[in-house]
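# Fold and geometry: a report
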Amino acid sequence: MRIVDEELIKGWLPNREDDHDTTKRDYGQILLIGGSAGMGGSIIMAAEAAVQSGAGLTTVATDATHHVALHTRVPEAMALPLNDLMGISDQVKKSTVVAMGPGLGLHERAVNVFRIVVASIREDQTLILDADALTLLAREKSKLRTQKVILTPHAGEWQRITGLKPEDQTDEQNREWAEQLHATVVLKGDQTRIYTEQESFLNIKGSPAMATGGMGDCLTGIIGGLCAQTRSELEGLVSAVYIHSFIGRELAKHQHMVRPIQIAELLPTYIKSISTN
Ligand SMILES: NC(=O)C1=CN([C@@H]2O[C@H](COP(=O)(O)OP(=O)(O)OC[C@H]3O[C@@H](n4cnc5c(N)ncnc54)[C@H](O)[C@@H]3O)[C@@H](O)[C@H]2O)[C@@H](O)CC1
Ligand SMILES: Nc1ncnc2c1ncn2[C@@H]1O[C@H](COP(=O)(O)OP(=O)(O)O)[C@@H](O)[C@H]1O
Ligand SMILES: [Mg+2]
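Residue numbering note: each chain is counted from 1, following its sequence as written. Chains carry letters and ligands carry numbers; both start at the beginning, A for chains and 1 for ligands, and go up in the order they are written. Where totals are concerned, whole chains, interfaces and linings use all residues; where local detail is concerned, this predicted model gives features only for residues with pLDDT of at least 70, and gives and counts side-chain atom pairs only at 80 or more. By convention in this description, side-chain values take in all heavy atoms of the structure and omit both hydrogens and water.

## Details of the confidence of the model for the chain
For any part of a model where pLDDT is low, the fine detail of the predicted coordinates should not be relied upon. One number per residue, pLDDT, summarises how confident the predictor is, and it ranges from 0 to 100. Residues with a pLDDT of 70 or more make up 100% of the chain, whose mean pLDDT is 96. Overall fold confidence (pTM) sits at 0.98, and the ipTM for the predicted complex is 0.98.

Laid out in structure tokens, this is it:
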């Protein structure tokens with residue numbers, strides 16, 4: 001199992017210092033899908049994290065009741081209503097990365113959104129499934145067309161997909177499941193582990209100060225934002241997992257709890273300092 005540390009990721013993080021004549025289109029287009037009525041915070045936190053990670057263009061498909069809040073908090077992001085299935089399908093086709101699930105819900109509309117995204121995604125696009133999209137994946141048993149699938153479950157969500165109780169989620173079992181699902185799995189916990197079909201990674205410990213609602217939504221946004229800019233999705237996602245825990249741990253040195261949006265606020269500074277040090 002490879003240990004994730006600063007040495008491993010620093011050449012992987014995007015570094016714009018030497019880029020010339022680039023535009024927002026060179027830094028990826030991300031579509032975030034989630035936030036049924038009342039759950040807007042989850043996808044807004046993910047959007048803020050994606051923008052702050054440096055994604056060139058960010059679009060959010062969320063319940064229309066959240067659009068004002070989204071534009072107030074993250075004016076860089078564009079918005080689509082969650083019930084506009086054709087609009088979502090068109091936007092999927094234009095995106096480098098699609099991240100679906102935070103606050104999506106499990107009702108009929110969520111199922112329809114899930115199905116249209118699975119049907120619209122192409123082989124060359126990165127698809128991140130988190131939260132309710134993982135539960136829908138477990139229920140629908142969908143075959144995913146893209147080879148670049150990233151699943152970001154906590155132990156409860158992983159149990160729904162694999163049937164493995166948390167105490168049975170061993171490295172060997174988890175890697176076998178990643179292989180069977182043809183996916184990269186980010187199994188979140190106090191010390192997050194990453195399983196690809198070929199290898200496994202052990203992240204640094206975060207902090208119990210990070211145990212607050214929305215912390216995983218924030219991670220989904222960072223993974224999406226970095227995958228939209230890195231050479232490979234593995235480089236983006238391993239870097240994202242490290243930097244999320246690293247910032248959380250640093251803040252926890254002086255704070256009883258850490259808010260996900262505080263992690264998002266510090267992303268541009270930490271990405272710059274690690275990628276250029
Ligand atoms: N501000 C917001 O709008 C927020 C919305 N959220 C959304 O709320 C919905 C439910 O999310 P939940 O994460 O509660 O998922 P679920 O309600 O789907 O799963 C929780 C279940 O998994 C079990 N479990 C086992 N190991 C666990 C672990 N390590 N962490 C958490 N639960 C574990 C729990 O005992 C519980 O039975 C999702 O759509 C999520 O995105 C949350 O992200 C919190 C913030
Ligand atoms: N005790 C802890 N120590 C370190 N990291 C934690 C701890 N508790 C939670 N986290 C991190 O917080 C995030 C929680 O994700 P998740 O359960 O999906 O939250 P939410 O759905 O509320 O956004 C994960 O990245 C996990 O690694
Ligand atoms: Mg979650």
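Now that the structure has been shown, we can carry on.
## Details of the site of ligand 1
With respect to spatial proximity, 15 residues lie near ligand 1, and among them G103, D132, H154, R160 and D217 are the closest. Under this definition, polar contacts are N or O atom pairs within 3.5 Å; protein pairs additionally need one hydrogen-donor-capable and one acceptor-capable atom, and for neighbouring residues in sequence, both atoms have to be side-chain atoms. Within the contact set of ligand 1, a nitrogen atom lies 3.2 Å away from a backbone nitrogen or oxygen of G156. R160 is positioned such that a nitrogen or oxygen atom in its side chain is 2.9 Å from an oxygen atom of ligand 1. Looking at the shell around ligand 1, the elements with two or more residues in it are α2 (40–53), α6 (131–140) and α7 (155–162). Looking at the shell around ligand 1 residue by residue, the class counts come to five nonpolar, seven polar and three charged. Proximity is defined per residue: any heavy atom of the residue falling within 4 Å of a molecule or strand makes that residue near it. Secondary structure follows DSSP: runs of H or I at least 4 residues long count as helices, runs of E at least 2 residues long count as strands, and numbering of each begins at the N terminus. When residues are grouped by polarity, Ala, Val, Leu, Ile, Met, Phe, Trp, Tyr, Cys and Pro land in nonpolar, Asp, Glu, Lys and Arg in charged, and all others, Gly among them, in polar.

## Examining the UniProt feature "binding site: (6S)-NADPHX" (unreviewed entry) in the chain
UniProt positions are given in the numbering used here, feature names are shortened, and annotations may be inferred rather than shown by experiment. On the UniProt side, "binding site: (6S)-NADPHX" (unreviewed entry) is annotated at positions that read G103, H154 and D217 here. Taking the annotated residues in turn, H154 and D217 line the largest pocket. The class for H154 is partly exposed, based on a relative accessible area of 36%. Contacts: residue pairs with any heavy atoms within 4.5 Å of one another. Once residues within four sequence positions are removed from consideration, H154 is found in contact with L187 and K188. Among the structural elements, D217 can be located in helix α9 (residues 215–227). For D217, the contacting residues outside a window of four places in its chain are S42, M45, A46, P102 and D130. With a 1 Å grid laid over protein atoms only, a set of points is called a cavity when a 1.4 Å probe fits there but cannot get out and a pocket when it is open yet has protein on both sides within 12 Å along at least five of seven lines; lining residues have an atom within 4 Å of a point. Burial classes: relative accessible area under 20% of the type maximum marks a residue as buried, over 50% as exposed, and values in between as partly exposed (1.4 Å probe, protein chains only).

## Details of the site of ligand 2
Close to ligand 2 lie 17 residues; K188, G189, G214, G216 and D217 are nearest. A distance of 2.7 Å is found between an oxygen atom of ligand 2 and a backbone nitrogen or oxygen belonging to G189. Contact distances for ligand 2 include 2.9 Å between an oxygen atom and a backbone N or O atom of G214. For ligand 2, whose accessible area on its own is 570 Å², the fraction buried by protein is 78%. Among the cavities detected, the one that contains ligand 2 is the largest pocket. Residue contributions to the shell around ligand 2 peak at four residues, all from α9. A class-by-class count of the residues in the shell around ligand 2 yields five nonpolar, nine polar and three charged. Method for areas: the Shrake-Rupley scheme with a 1.4 Å probe, in which residue coverage is limited to the protein chains shown. To be counted as sitting in a cavity or pocket, a molecule needs more than half of its atoms within 2 Å of that site's grid points.

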